[in-house]
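What follows is each chain in one-letter form.
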Amino acid sequence: MSVSHDGDMAEQTGGDPLFQSHDPIFNRKELLHVGHVPDEDRIVGRDDEIQSVAAEVGAITRGDPPNNVMIYGKTGTGKSLISRHVATRAQDAARSNDIDCAVLYVDCSEANTETRATRQLALSLKDQTGYQQNIPLRGVGTMEYYQHIWGILEDFFDAVIVILDEIDKLDNSNILMQLSRAREARKTDAYIGVIGISNKVQYRETLDERIDSSFGHRELFFHPYDASQLREIMRNREDAFQPEVLEDGTIELCAALAAKKHGDARKAIEILKEAGELARRTGSETVSEEHIQQAQEVAEINRIEELTSGATVHAKLALYALASRIITGDRETYKTREIYKRYVGICDLVANDPITENGLYRQLKEQAFLGVIESEKTGGGRSQGSYLLHRLVTDPKHIVKAVRRDASLEELPTYDQLRENGQSAADRDVDLSSFS
Ligand SMILES: Nc1ncnc2c1ncn2[C@@H]1O[C@H](COP(=O)(O)OP(=O)(O)O)[C@@H](O)[C@H]1O
Ligand SMILES: [Mg+2]
């Protein structure tokens, strides 16, 4: 570092004051990256899950055939982390028994077709070995990739653990069949253990329809973390920040917010990181509870935008309709019919032709599936029949913000406009045109 004559400040920043070399907030920011795999002693509250996954794939380390396993659980419950952790340990344990075990990881949200997934498996096997043959990146089909996979396994390995993460994003399940039948079909002698991971428990039902019994597998369910576990997960990464930067109570608040929402460790860590960035942007020397609160709002809006990004405009309008009813009304839950009425008024506002009430009902069910709303059947007594009541699992303010980020819907009233004009609109039920 060159010593400058400009006094302390420039010395500290290594010359050009435009580029600070010392980050006042973060010390080891990489600890807060989503893909970061923490050391074993930083993994919190998943001992049973680690044991269970190890029990299924562990036979590999003794030269015996493993079980396949499907892991279900909401996002941020440690499924990817624990799978990678156990697979790596199994690989090490196998090695000390002179068993060559490969570990392959595929993120099926990116490699979402059988061709892409098998290509990735083949390429990553090639990477781990001295395999000489060329593996084409395009112009060939799954069969050729499978040939390479079996070939490499045959030549270099006794066993392999294949992690198929976000497997519900795969367009078909053939890969499961191929992997589980490979030995029987004499494609390879290597033992193959598959760890399939899905954020959607619903995938379980469709899986049974998609595959036959040759993919025998155990099932594990990972549960959301509670506040004290989230607290500990974050405490274990406190050194991501410079000493004294995190104000007292910030981690506790962050854990409490994340636990209340979804028990999602990823969100908790993201909020902490975002709070740090906020502090830095605003020139603050410390991260305060206020920063955490703001970061949590940003994170929640991002989450909703992500969840609804693939949804139709009508699904978004339906969500907005429910949110605006909650904002302007005095209840937390609304019937499909009530949401529909508001939805028709909103369609008018953005010059969109409304779909039918039944169509809207299906959209709402779809949203329930995404985890944005919850719907509950309520018996209205014998004469009235039963009906569905829908509620938002998030602050309606966030829904309004997230929906308005869609460029075609930015004309919709803001949260504040809804609040101000709310009561009169609620009285008239459908007519929201006074906002525009
Ligand atoms: N038990 C845990 N201990 C420490 N960190 C964890 C734990 N569970 C999850 N994390 C961290 O939270 C983030 C999300 O975990 P991940 O395994 O990706 O969840 P999932 O795959 O279930 O969505 C990752 O950064 C991970 O390192
Ligand atoms: Mg994951």
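About the thresholds
Residues numbered from 1 in each chain as written. Chains lettered and ligands numbered in written order. Predicted model: local features only at pLDDT ≥ 70, side-chain atom pairs only at ≥ 80, totals over all residues. Heavy atoms only, no water. pLDDT = per-residue confidence, 0-100. Helix = DSSP H or I, 4+ residues; strand = E, 2+ residues; numbered from the N terminus. Contact = heavy atoms within 4.5 Å. Domains from an automatic or database assignment. Pairing = 2+ DSSP bridges. Axes fitted to C-alpha atoms, helices over the stretch in contact; angles between N-to-C directions.

Remarks on the confidence of the model for the chain
- Across the chain, pLDDT averages 88, with 92% of residues at or above 70.
- The least confident element of the chain, judged by mean pLDDT, is helix H1 (residues 8-12) at 45; the most confident is strand S3 (residues 159-165) at 98.
- Contacts from residues 1-13, a stretch scored under 50 in pLDDT, to residues over four places away or in other chains number 10 contacts.
- Note that pLDDT drops below 50 for residues 430-436; the model gives that stretch 15 contacts with residues more than four away or on any other chain.

Topic: the domain arrangement of the chain
- Considered domain by domain, the chain is made up of domain 1 (46-222), domain 2 (225-307) and domain 3 (310-435).
- Of note, the centres of domain 1 and domain 3, computed from C-alpha atoms alone, are 42 Å apart.

Some details on the sheet that holds strand S6 (residues 334-335)
- Pairing in this open sheet of three strands is antiparallel, and the strands run S6-S8-S7 from one edge to the other. If you trace the sheet from one side to the other, it starts and ends with S6 and strand S7 (373-379), each paired once.
- For S6 and strand S8 (residues 386-392), the ladder comprises two bridges, and the chain directions are antiparallel. Each residue of the ladder has a partner; that of Tyr334, found in S8, is His390.
- Against the sheet, helix H12 (residues 313-328) touches S6, S7 and S8, its axis set at about 80° to S8.

Considering the sheet that holds strand S4 (residues 191-198)
- Overall, parallel pairing links the five strands, which are arranged S2-S3-S4-S1-S5 in an open sheet. In this open sheet, the two edge strands, each paired with only one partner strand, are strand S2 (101-107) and strand S5 (217-222). For this sheet the average axis-to-axis angle between neighbouring strands, irrespective of direction, equals 15°.
- Judged from the six bridges that link them, strand S1 (residues 68-73) and S5 form a sheet pairing that is parallel. Bridging across to S5, Gly73 finds its partner in Phe222.
- Strands S2 and S3 of the sheet are contacted by helix H4 (residues 114-127), whose axis makes an angle of about 145° with S2.

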